[in-house]
Amino acid sequence: MSVPVLELLPAVDISEGYAVRPVGGTLSGGEQRLDPVEAALTWVKAGARWIHLVDLDLAFGRGTNTEVLAEVVAAVRAENARMAGSAPVRIQVSGGVRNAESLERALSLNPDRVNVTSA
């Protein structure tokens, strides 16, 4: 009998162009605002096998961070190429994927997986 494997997907939540870490579970202006590429590459260098990219603005109807997500995806793919020989870090895109238009936007990033909202 095989033992199930727990696979963690570290998240890079993006709002207003920054990777954010909510304080107290909410985005109320007190969150930490970080460079999203730097945040993702920190996870990659720590050995992550997946990066879960979340467009919080799209999820909450406040705009989109598609260009920023594209920069993060490109940086992770470049790091994968640099680390040839090791398993590539895969990318899951999430946040506001609820209709054909938002699905097209997510797929344009060429992720390994897209997380669609339950709505």
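Structure: see above.
Everything numeric in this text was worked out from a predicted model, so none of it was measured.

**Student:** Explain the sheet that holds strand β1 (residues 11-15) to me, using residue names and the numbers behind them.
**Tutor:** The strand order β3-β2-β1-β4-β5-β6 describes an open sheet built from 6 strands, whose pairing is mixed. The outermost strands of the open sheet, each flanked by one partner alone, are β3 (32-34) and β6 (113-114). Pairing of β1 with strand β4 (residues 50-55), which is carried by 4 bridges, proceeds in the parallel orientation. Looking across to β4, one finds that Ala11 is bridged to His52.

**Student:** Describe the environment of Val3, with residues and values.
**Tutor:** Take Val3: it is sitting in the segment before β1. Classification of Val3 as exposed rests on a relative accessible area of 67%. Placed 36 residues apart in sequence, Val3 and Ala39 show a C-alpha to C-alpha distance of 31 Å.

**Student:** Any details on the packing of aromatic side chains? Residues and values, ideally.
**Tutor:** On inspection of all chains with the given rule, the structure shows 0 aromatic pairs. Sitting above the plane of the Trp50 ring, Arg113 keeps its charged end 4.1 Å from the centroid.

Scoring rules and cut-offs
Here, residues in each chain are numbered from 1, in the same order as that chain's written sequence. Only residues with pLDDT of 70 or above have their local features reported here, since the model is predicted, and side-chain atom pairs are shown and tallied only from 80 upward, although totals for entire chains, interfaces and linings are computed over all residues. Each side-chain value is derived from all of the structure's non-hydrogen atoms; neither hydrogens nor water enter the calculation. Strand pairing requires that DSSP identify at least two bridges connecting the strands. Helix and strand assignments come from DSSP, with helices taken as H or I runs of at least 4 residues and strands as E runs of at least 2, each series counted from the N terminus. Think of it in three bands: residues with accessible area under 20% of the maximum for their type are buried, residues over 50% are exposed, and the middle band is partly exposed, with areas taken using a 1.4 Å probe on protein chains only. In this scheme Phe, Tyr and Trp rings, the latter by its six-membered ring, pair at centre separations within 6.5 Å, and the angle between planes marks the pair as stacked below 30 degrees, edge-to-face above 60, and tilted otherwise. Two conditions define a charge located above a ring, namely a distance within 6 Å from the ring centre to NZ of Lys or CZ of Arg, and an angle within 35 degrees of the ring normal.

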